[in-house]
Amino acid sequence: MTEQSNGALAHHEAPPKRRIRLTVRRAEGPNKPWRWESFDLQVDPGQNIISCLQQVAAHPVTTDGVRTTPVAYDAGCLEEVCGACTMVINGRARQSCSCLVGSVAPNDGDVITLEPMSKVPLYRDLWVDRERLFHSLWPRPGVGSDRQPVRYRRRGRGVA
Ligand code: FES
């Protein structure tokens with residue numbers, strides 16, 4: 001609310017919701033067959049993709065009217081730091097906590113496709129095993145020491 005010149009408080013209208021179709025590549029687990037499932041949602045343009053998945057979890061019914069399970073995905077910080085929520089959104093790897101509907105589906109009726117990252121093992125749906133990424137960034141002491149980050153190597157030598 002803001003104060004008008006006559007002292008009255010004015011209510012701001014919320015931006016109009018728009019209809020989108022969320023199409024998700026789903027699999028029950030590693031090496032299981034996959035399928036597409038679509039969900040029609042009413043969303044705010046400023047809403048992130050994770051909140052769309054939360055909407056699906058609250059009402060897991062496909063566009064065909066079939067009741068299904070909530071989509072599995074991972075998330076951590078919700079601040080674009082940890083990378084846990086990374087998935088392929090409309091063909092591009094992005095963090096779903098910072099990817100807003102308005103940026104990938106600007107028009108009413110647009111489709112947003114969600115797929116798991118393909119270079120890491122799949123747990124289920126959009127949820128993947130990111131351990132490989134962590135090992136390549138920050139290996140355990142004594143393992144792959146030539147690939148350790150500079151800061152880590154220095155600390156090991158007593159420099160920093
Ligand atoms: S939840 Fe951490 S980057 Fe998205």
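Residues numbered from 1 in each chain as written. Predicted model: local features only at pLDDT ≥ 70, side-chain atom pairs only at ≥ 80, totals over all residues.

## A short note on the overall build of the protein chain
Right, on to step 1. Counting secondary structure elements, the protein chain contains four helices and nine strands.
Right, on to step 2. By residue count, 19% of the 160 residues in the protein chain fall in the buried class.
Right, on to step 3. For the protein chain, restricting intrachain contacts to residue pairs at least 6 apart in sequence, the fraction spanning at least 24 positions comes to 48%. (Helix = DSSP H or I, 4+ residues; strand = E, 2+ residues; numbered from the N terminus. Buried ≥ 20, exposed ≤ 12 C-beta atoms within 10 Å, placed from the backbone. Contact = placed C-beta atoms within 7 Å.)

## Observations regarding the sheet that holds strand β5 (residues 86-89)
Right, on to step 1. Taken in spatial order, the five strands line up as β4-β3-β7-β5-β6 in an open sheet, and their pairing is mixed. Each edge of the open sheet carries a strand with a single partner, namely β4 (34-43) and β6 (92-95). Going from strand to strand, the sheet's axes swing by 35° on average, the running direction of each strand aside.
Right, on to step 2. As paired elements, β5 and strand β7 (residues 111-115) share two bridges and run antiparallel to each other. Looking across to β7, one finds that V88 is bridged to E115.
Right, on to step 3. Of the strands in this sheet, β3 (18-27), β4 and β5 are in contact with helix α1 (residues 49-58), which crosses β4 at around 100°. (Pairing = 2+ DSSP bridges. Axes fitted to C-alpha atoms, helices over the stretch in contact; angles between N-to-C directions.)

## Some words on the nonpolar core
Side chains of nonpolar character tend, in soluble globular proteins, to be buried together.
Right, on to step 1. Of all hydrophobic cores here, the largest spans 22 residues; its most connected members are L22, C52, V71, Y73, L114 and L126.
Right, on to step 2. For this core, the secondary-structure elements that each account for two or more residues are β3, β4, α1, β5 and β7.
Right, on to step 3. With four residues, the top contributor of residues to this core is α1.
Right, on to step 4. Those residues in contact with L22 that lie beyond four places of it in its chain are S38, F39, L41, C52, V56, I112 and L114. (Core = buried A, V, L, I, M, F, W, Y, C linked by C-beta atoms within 7 Å.)

## Quick look at the environment of I89
Right, on to step 1. With respect to the helices and strands, I89 occurs in strand β5.
Right, on to step 2. For I89 and T23, which are 66 residues apart along the polypeptide, the C-alpha to C-alpha distance reads 10.0 Å.
Right, on to step 3. Dropping the residues within four chain positions of it, I89 is found in contact with I49, R94, S96, C99, V104, I112 and L114.

## Quick word on the environment of N107
Right, on to step 1. With respect to the secondary-structure elements, N107 resides in the loop between α2 (101-104) and β7.
Right, on to step 2. Residue N107 is classed as exposed on the basis of its C-beta count, with 9 C-beta atoms lying within 10 Å.

## Topic: α1
Right, on to step 1. Among the residues of α1, those classed as buried are I49, C52, L53 and V56. The arc that holds every buried residue of α1, seen down its axis, measures 100°, which confines them to one face. (Arc of directions from axis to C-beta.)

## Examining the pairing of β6
Right, on to step 1. Taken together, the four bridges between β5 and β6 define a ladder with antiparallel strand orientation. By the bridge assignment for β6, M87 is matched with R94.
Right, on to step 2. Linking β5 to β6, which pair antiparallel, is a turn of two residues; within it N90 sits at a positive phi near 50°.

## Description of the confidence of the model for the protein chain
Right, on to step 1. Mean pLDDT over the protein chain stands at 85; residues scoring 70 or higher make up 78%.
Right, on to step 2. Here residues 144-160 scores under 50 on pLDDT; set against residues more than four positions off or in separate chains, the count is 10 contacts. (pLDDT = per-residue confidence, 0-100.)

## Considering unusual backbone geometry
Right, on to step 1. Even without glycine at this site, N31 takes up a positive phi of about 60°.
Right, on to step 2. Within the secondary structure layout, N31 lies in the loop between β3 and β4.
Right, on to step 3. For L78, which is not a glycine, the phi torsion comes out positive at approximately 60°.
Right, on to step 4. Accessibility expressed as a C-beta count within 10 Å gives 16 for L78, which makes it partly exposed.

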